[in-house]
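# Results of the structural survey
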Amino acid sequence: FHEIRVHTRGGRGVHCLRLLVEPADIAIEDATNRPGEPAILLADRELVGQLDLATASCTNNLTADTPVEFQRQAALKIGALALKRDRPDEAEQVMERFLLRYSNSPACEVALLTLGEMQLRQYVSPLGTNPPSANLLPRALTNLDAVIARFPQSPLLGKVQLDRGWCFWLTTNLAASAVAFAAAAEALPPSFEQATARFKLADVRYQLGEFAAALGG
């Protein structure tokens, strides 16, 4: 997980926003290898600090010749590596190119989620000293909504709804935030992310004055 702490206006507290479930020790086929050669473990490259090389290998897997499952794993890993390298903007560009080039790939499901999360991350933790772009959250929501519209049976919907809840919460759209956090809490398995969705749902309901519902989670 990559953890981001979001400070609320007025100093009312610190909220923990975690992005991207990073698959551990995933062996992703290196597209630079000749057919039949062993795949390179990206975990090994990470352990020796070769994050740029690991990212390049993942990017090489976002091609039409790569099996869909490798594309999906690569898209997830690119996002996770971008957070480690503090370069979500680079991952955003890679996902946008993939979606433009392979718009019909089943892996678009993961690419859209990764793209939305990178845009959410850039809004919460902008690079440099400049304030975040005002269009980052609307763009993130557009990509997250596309996952729901295009992949209604996706196992990633719980994560998508959790990210949507954060986007709405950051724009103080509390009613929409409550709906998204409730959907996330229902769809996610028992986990830190589900606990976060339940906590934020209670928090939003309290802010909306729905005190009995807030106590009930």
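Provided above is the structure to which this section pertains.
A quick note: this is a predicted structure, and the numbers were derived from the prediction, not measured.

## Here we look at the overall build of the chain
If you tally the helices and strands in the chain, you get 10 helices and 2 strands. Secondary structure elements of the chain, listed N to C terminal, follow the sequence β-β-α-α-α-α-α-α-α-α-α-α. Buried residues in the chain amount to 49% of all 217 residues. Expressed as a percentage of contacts within the chain between residues at least 6 apart in sequence, the contacts between residues at least 24 apart total 57%. Just so you have it, the chain exposes about 10,700 Å², and 55% of that area is on carbon and sulfur atoms.

## Topic: helix α4 (residues 88-101)
Along its 14 residues, α4 runs 20 Å from first to last C-alpha, staying within 8% of the 20 Å computed at 1.5 Å per residue. Regarding α4, the residues found buried are P88, D89, A91, E92, V94, M95, F98 and L99.

## Comments concerning the packing of helix α6 (residues 136-150) against helix α7 (residues 157-170)
Contact pair α6 / α7: the axes reach a minimum separation of 10 Å and the direction vectors enclose 155 degrees. Overall, the two elements α6 and α7 adopt an arrangement that is roughly antiparallel. Once α6 is placed against α7, the crossing between them reads as left-handed. Contacts from L137, A140, L141, L144, D145, V147 and I148 in α6 reach L157, V160, Q161, D163, R164, C167, F168 and L170 in α7. Class assignment of the residues belonging to the contact of α6 with α7 gives a composition of 11 nonpolar, 1 polar and 3 charged.

## A short note on the pattern of salt bridges
Under the definition given, this model contains 14 salt bridges. In this structure, D86 and R121 form a salt bridge, with 2.6 Å as the shortest nitrogen-oxygen distance. On the criterion of sequence distance, the pair formed by D86 in the loop between α3 (68-85) and α4 and R121 in helix α5 (residues 108-124) is long-range, its members being 35 residues apart. Residue D86 is classed as partly exposed on the basis of its relative accessible area, which comes to 36%.

## Looking at the packing of aromatic side chains
Using the criterion set out here, one finds 4 aromatic pairs in the structure. When the centroid spacing of 5.4 Å and the interplanar angle of 50 degrees are considered together, the rings of F98 and Y102 count as tilted. Exposure class is identical for F98 and Y102. Each is buried. Relative to F211, the ring of Y206 has its centre 5.3 Å away and its plane inclined at 65 degrees; by these criteria the two rings are edge-to-face. Judged by its relative accessible area of 55%, Y206 falls in the exposed class. Judged by relative accessible area, F211 falls into the partly exposed class, the value being 47%.

## Here's the deal with the environment of L137
Summarising the element assignment, L137 is placed in helix α6. According to the relative accessible area criterion, L137 is buried, its value standing at 2%. The sequence separation of L137 and F168 amounts to 31 residues, and the corresponding C-alpha distance is 8.5 Å. Among residues more than four places away in sequence, those in contact with L137 are L120, Y123, C167, L170 and T171.

## Describing the packing of α5 against α6
Any two packed helices are characterised by how steeply their axes cross, that is the angle between the axes, and by the distance between the axes. In contact at an axis separation of 8 Å, α5 and α6 are set at 160 degrees when each is read in the N-to-C sense. By the criterion of interaxial angle, the relationship of α5 to α6 is roughly antiparallel. Taken as a pair, α5 and α6 cross one another with a handedness that is left-handed. On α6, the residues that touch C108, E109, L112, L113, L115, G116, Q119, L120, Q122 and Y123 of α5 are L136, L137, R139, A140, N143, L144, A146, V147 and R150.

What counts as what
Residues numbered from 1 in each chain as written. Predicted model: local features only at pLDDT ≥ 70, side-chain atom pairs only at ≥ 80, totals over all residues. Heavy atoms only, no water. Helix = DSSP H or I, 4+ residues; strand = E, 2+ residues; numbered from the N terminus. Buried < 20%, exposed > 50% of the residue type's maximum accessible area, 1.4 Å probe, protein only. Contact = heavy atoms within 4.5 Å. Areas by Shrake-Rupley, 256 points an atom, 1.4 Å probe, with all protein chains shown as cover. Expected span 1.5 Å × (residues − 1). Axes fitted to C-alpha atoms, helices over the stretch in contact; angles between N-to-C directions. Parallel < 35°, antiparallel > 145°, perpendicular 65-115°, else oblique. Left-handed = near helix turned anticlockwise from the far one by under 90°. Nonpolar A, V, L, I, M, F, W, Y, C, P; charged D, E, K, R; others polar. Salt bridge = Lys/Arg side-chain N within 4 Å of Asp/Glu carboxyl O. Phe/Tyr/Trp six-rings, centres within 6.5 Å; stacked < 30°, edge-to-face > 60°.

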